[in-house]
Amino acid sequence: MTNSPVQIVLNTSDFIEALDNKGGGSPKDFFGGNDADFVEHRDYLQESLKEIKSMQLVSSFAKVSYAKVTLRQAALAKSHRPTSQVFKRDTAPVVGAGDLGELFVELTPESIDTISRKFNRAETTVAYKEKDGKTEPKPTRLRSEIGAIQDITPYAESDKRKFSVKEAIDWLSNPQTGGSYMVELFEAPPPRQDWDLLSNYKFDLFKTFFDGLEDIGEGLLASRISTGTGAAVVFGIKLEKSTTPPVIQLLSLTTSAVKSKSGESHITDLDVSKHDELLTFLGKHPLVKKITLPPIITQSSAAGKIKKGDAFAIPEMGQESSYPRICVVDGGVSDIYGNWIEDRWDLISPTDKDEDHGTFIAGLAIAGQTLNGNAICNEADGCKIIDLDILPLPGKFDTYFPRPFQFFSELESAVQELKARTGVRIFNFSMNIEEHASTTGYSPFAQLLDRIAEENDVIFVISAGNTKLIDARKEWPEDTIDALKILASSRNDTIKRPAESCRNISVSALNPPHLDGVIPYALSNYSCRGPGLRVGLKPDFAHVGGSGTLHPTLGHGLLSLDSNGTIVDGCGTSYAAPNVAKTLASLDHAIEGIVSRETLIGLGIHHAMLPDSLNDKDLRNVTKHLVGFGMPRGSEEILNGPPSAITLVFANRAISGHKMSFKFSWPPSLVSNGKCFGHAKLTIVSTPRFDYKYGAEFVRVNIDAALRQMQNNGKYLGRLHAIYTPDEGDGSLLEKDQIEHSFKWSPVKVYEKTFPRGVGPTTQWSLDVEYLARDGVTIPREGVPFTAILTISDPGKEKPVFTDMRQMLQSLGVQAVDIQTAARIVPRV
């Protein structure tokens, strides 16, 4: 059958036009015209502000503090935010956010007085207007904003810390933690030489914080952890057994890790009274936002492994062949692979490393198809490996990484240098983080991986994590209802950090297809699952990771090699991740030039498919949390479709005040009696600005795409639905429902629809890419990069859709070429 390669549209800038997005709407009266209830609510909020002011006036730290503003559920949308009249930027600025509908605001005694006076100016008797034959309240913006606020409370010690001193001592006694508390601040302290520019309140705020740390005494080390633009302000604070005076570093460490010199001590001080003193101080100081315990970084340990015992002949590298490349971020890869290993980082001493885990992963990339067949490993054998050995044996971690977050500083240095030396862009990260039960939210480690990926133009493929043996689920059953019961009763199986990273990819595990007694391609019983965030889907993909239930002769059903070159079998999400990494690396290798991160991720997601065992309408609400967008097809199949379909790629940037609008005609072979038939699928991947200070609202710009059909009145009607949308869903969902079901604010969105009965009344369509910014956010000057991918196909696989669309594009003057060679012509793919 003739292949129909993916087409990239070169002249996307020709389709940029002004964006008419007025948004908003009239102010809403959240009390429905009930004036007495409004007055009672206004007085309640004023009393709350008065209490906060009283606390400020007696504070021994500073007269500035932070409060938590909780919004009503009906006021979550941008148009209702109380920021144009109440919490204005020059009076009481919003400095962050927590969970959905929680804002953090900065208050002083003077700003509280200003707000309280403003409250008194809100009308206590609302006006009314006639609309569509009904009488509705017509409040002022001020009254509406006051009504949008449910509560204003001081940010208290209980908001900052969720663990006891004893729990902290027990956790920090494990040397794998590194021993540092992670302390997030509401605001970044400026360099000390600039403190003369601060207001008196801010000067007191910062000075009392650092004076208080110094008062803790010898052995205290505090260092800023850099997590990039829009980063949360996080300090690592450690207590060591040392006579060294307190060390406080306002700037982040940028040095790479080195193994500690013999005899150099970095022993964590576990004195209870000293930790109690530190935690009490941090809990009371108004600058502190959050105190969490450090994680334990481990390999995403195999859920099982059995020695097979047979030696394996490593395939030779073809002299005239070229291969994709993957960097394995792990404890090391054995030298059994010879010249398949292109480069090494060589951080960990041979006596301090275990190479079995990394060697198994590399084996799947190099010889997975020979060992397992193409039903499991759908990419051709052969892959260059870059060995980033960074994780030492348990008990050796603090020998290599004695300072807070030094592990990630080393990772960043290694990524920068190894990419420069080899050009590698896909990093297999089969490591996860064990956290204390009190830890919540988007982890600083995900933030760091986000920044490293974006700044270095790479992609981390992260394992979703495995449950502990005691928490493994029963095997996936054939009956859907039984499957839902198993999921409902399972515990402790949420995806592990940093798999929630939104700039990167996470992968859950599926059963192999060839084992008796387990459902082919069903979710493996050990695989962790989502939801991981309020934004988007996690995990993103699923792939075969081996069965958690042993087959009497075939074991876990997934084969690779150990560090001695012996065939072994095993299971774990660690071993599902490299198959996805190999597909992304193969796409990157097959397409000439530099392919954008958005395009690589988009191609994988757009062509992912749900396993039959999970493609059931009764499972729709849970499937997305198990396997994300599904199991990616092989790179050859992705890049070369059938003649009955065409895939168009649009890579550009969303710029302020504009949208991309591509007008076209539906393929004639899919038109009958004026109606359009067939199937359409639309994927968009973008890299919007992140600001982690805003909690669940850290994605600050929403890039969206729509496929619309022209109606008789000249307007365009959207025809696609977000995948996984409930049958009863509609287009007027509340903000929280749009986030849950329609990918609002997610950097990745997928929409599709089949038209078995045809849709009319015209054959004119438009692919539109638009944006929506959060309250107070502007689009950066350089724009927001995105890739939109549209496939139009004939479900019957008969119509010449590819030829039809190519002819139509040429008639419109659209420049479209095979994506694999497009870099010869256009700089952005």
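Everything quoted here is computed from the prediction, not taken from an experiment.

Let us now look at the overall build of the protein chain. Assigned secondary structure in the protein chain consists of 18 helices and 40 strands. Its C-alpha radius of gyration of 28 Å places the protein chain within 12% of the 28 Å reference for a compact globule of 829 residues. A principal-axis box enclosing the C-alpha atoms of the protein chain has dimensions of 80 × 75 × 55 Å. Per-residue burial for the protein chain yields a buried fraction of 58% across its 829 residues. About 33100 Å² of surface is accessible on the protein chain, with carbon and sulfur atoms providing 48% of the total.

So, on to helix H5 (residues 165-172). Burial in H5 covers these residues: Val165, Ala168, Ile169, Trp171 and Leu172. Looking down the long axis of H5, one finds its buried residues gathered within 165° of arc, a one-sided arrangement. Looking at the packing, one finds that the buried side of H5 touches strand S10 (180-185), helix H7 (272-284), strand S15 (296-299) and strand S21 (431-434).

With that settled, the discussion passes to helix H15 (residues 620-627). At 3.6 residues per turn, the α-helix brings residues three or four places apart onto the same side. Within H15 the residues assigned to the buried category are Thr623, Lys624, His625, Leu626 and Val627. Downstream of H15 by a residue or two, glycine 628 has a phi angle that is positive, lying close to 60°.

Okay, the pattern of salt bridges next. Applying the stated rule across the entire model yields 37 salt bridges. In this structure, the salt-bridge partner of arginine 143 is aspartate 29, at a minimum N-O distance of 3.3 Å. Of this pair, arginine 143 sits in helix H3 (residues 141-148) while aspartate 29 is found in the loop between strand S3 (16-18) and helix H1 (35-57), placing the two residues 114 residues apart along the sequence. Accessibility expressed as a relative area gives 0% for arginine 143, which makes it buried. Arginine 708 is the salt-bridge partner of glutamate 770, the closest N and O atoms lying 3.1 Å from each other. Taken together, the positions of glutamate 770 in strand S38 (residues 764-773) and arginine 708 in strand S34 (residues 701-710) put the pair 62 residues apart, joining distant regions of the chain. Glutamate 770 sits in the partly exposed class, given a relative accessible area of 22%. Several salt bridges converge on common partners, so that one network encompasses Glu17, Lys659, Arg708, Asp768 and Glu770.

A cluster of acidic residues, Glu214, Asp215, Asp276 and Glu277, forms a negative patch at the surface. Elements with a contribution of two residues or more to the negative patch: helix H6 (200-216) and H7. Its place among the elements puts aspartate 276 in helix H7.

The contact between helix H10 (residues 406-422) and helix H11 (residues 444-456) brings their axes to 11 Å, and the two run at 20°. In this view, H10 runs roughly parallel relative to H11, as classed from their interaxial angle. Judged by the twist between their axes, the crossing of H10 over H11 is right-handed. Here H10 contributes Phe408, Leu411, Glu412, Val415, Gln416 and Lys419 to the contact with H11, which in turn contributes Phe445, Leu448, Leu449, Arg451, Ile452, Glu455 and Asn456. In the contact of H10 with H11, the residues fall into seven nonpolar, two polar and four charged.

This model, assessed by the stated rule, comprises 35 aromatic pairs. Plain terms: the ring middles of phenylalanine 104 and tyrosine 155 are 5.3 Å apart, the flat faces sit at 80° to each other, and that makes the pair edge-to-face. Taken as a pair, phenylalanine 104 in strand S6 (residues 102-107) and tyrosine 155 in the loop between strand S9 (149-154) and helix H4 (157-160) lie far apart in primary sequence, 51 residues in all. Of the two residues, phenylalanine 104 and tyrosine 155, neither departs from the other in class, the shared state being buried. Pairing tyrosine 323 with tryptophan 340 gives two aromatic rings, centres 4.9 Å apart and planes at 75°, and the pair type is edge-to-face. With a gap of 17 residues between them, tyrosine 323 in the loop between strand S16 (304-311) and strand S17 (325-330) and tryptophan 340 in the loop between S17 and strand S18 (341-344) connect regions that are remote in the sequence. Note on tyrosine 323: relative accessible area 12%, which makes it buried.

Note on sheets: strands pair through backbone hydrogen bonds, and any given pair is parallel or antiparallel. Read from one edge to the other, the open sheet built from five strands follows the order S3-S31-S38-S34-S35, with strand pairing classed as antiparallel. The two strands at the open ends of the sheet, each matched to only one other strand, are S3 and strand S35 (716-718). On average, each strand axis in the sheet is tilted by 40° relative to the strand beside it, whichever way the strands run.

What follows is about the sheet that holds S6. One open sheet holds the four strands; their spatial order is S5-S6-S4-S9, and the pairing between them is antiparallel. Two strands lie at the open edges of the sheet, namely strand S5 (94-97) and S9, each paired on one side alone. This sheet shows a mean twist of 30° between the axes of neighbouring strands, independent of strand direction.

Moving on, we come to the side chain of histidine 607. Within the fold, histidine 607 resides in the loop between helix H14 (597-606) and strand S27 (608-609). Those residues within four positions of histidine 607 in sequence are excluded, and the remaining contacts are Met631, Arg633, Ile638 and Thr647.

Looking at the element boundaries, lysine 274 is found in helix H7. Residue lysine 274 is classed as buried on the basis of its relative accessible area of 14%. Taking the C-alpha atoms as reference points, lysine 274 and glycine 217, separated by 57 residues in sequence, lie 9.1 Å from one another. Those residues in contact with lysine 274 that lie beyond four places of it in its chain are Ile216, Gly217, Glu218, Leu239 and Asp269.

All right, on to the side chain of aspartate 540 then. Tracing the chain through its elements places aspartate 540 in the loop between strand S23 (505-510) and strand S24 (541-544). There is a polar contact of 2.7 Å between the side chain of aspartate 540 and the side chain of lysine 538. Apart from residues no more than four positions distant in its own chain, aspartate 540 is found in contact with Asn504, Ile505, Ser506, Val627, Gly628, Phe629 and Gly630.

Along the chain, arginine 497 connects to proline 498 via a cis peptide bond; the corresponding omega equals 0°. Mapping proline 498 onto the fold places it in the loop between helix H12 (480-489) and S23. Between glycine 760 and proline 761 the backbone carries a cis peptide bond, its omega angle lying at 15°. Phi at asparagine 673 takes a positive value of approximately 55°, unusual for a residue other than glycine. Structurally, the position occupied by asparagine 673 is in the loop between strand S32 (671-672) and strand S33 (675-686). For asparagine 673, a relative accessible area of 79% corresponds to the exposed category. At tryptophan 745, a position not held by glycine, the phi torsion is positive, near 75°. With respect to the helices and strands, the residue tryptophan 745 is situated in the loop between helix H17 (735-741) and strand S37 (748-759).

Calculation notes
Residues numbered from 1 in each chain as written. Predicted model: local features only at pLDDT ≥ 70, side-chain atom pairs only at ≥ 80, totals over all residues. Heavy atoms only, no water. Helix = DSSP H or I, 4+ residues; strand = E, 2+ residues; numbered from the N terminus. Rg over C-alpha atoms; globule rule 2.2 N^0.38 Å. Buried < 20%, exposed > 50% of the residue type's maximum accessible area, 1.4 Å probe, protein only. Areas by Shrake-Rupley, 256 points an atom, 1.4 Å probe, with all protein chains shown as cover. Arc of directions from axis to C-beta. Contact = heavy atoms within 4.5 Å. Salt bridge = Lys/Arg side-chain N within 4 Å of Asp/Glu carboxyl O. Patch = residues over 30% accessible without salt bridge, like charges linked within 9 Å, V, L, I, M, F, W, Y side chains within 5 Å. Lys, Arg positive; Asp, Glu negative; His and termini not counted. Charge placed at Lys NZ, Arg CZ, Asp CG, Glu CD. Axes fitted to C-alpha atoms, helices over the stretch in contact; angles between N-to-C directions. Parallel < 35°, antiparallel > 145°, perpendicular 65-115°, else oblique. Left-handed = near helix turned anticlockwise from the far one by under 90°. Nonpolar A, V, L, I, M, F, W, Y, C, P; charged D, E, K, R; others polar. Phe/Tyr/Trp six-rings, centres within 6.5 Å; stacked < 30°, edge-to-face > 60°. Pairing = 2+ DSSP bridges. Polar contact = N/O pair within 3.5 Å; in protein donor to acceptor, adjacent residues only side chain to side chain.

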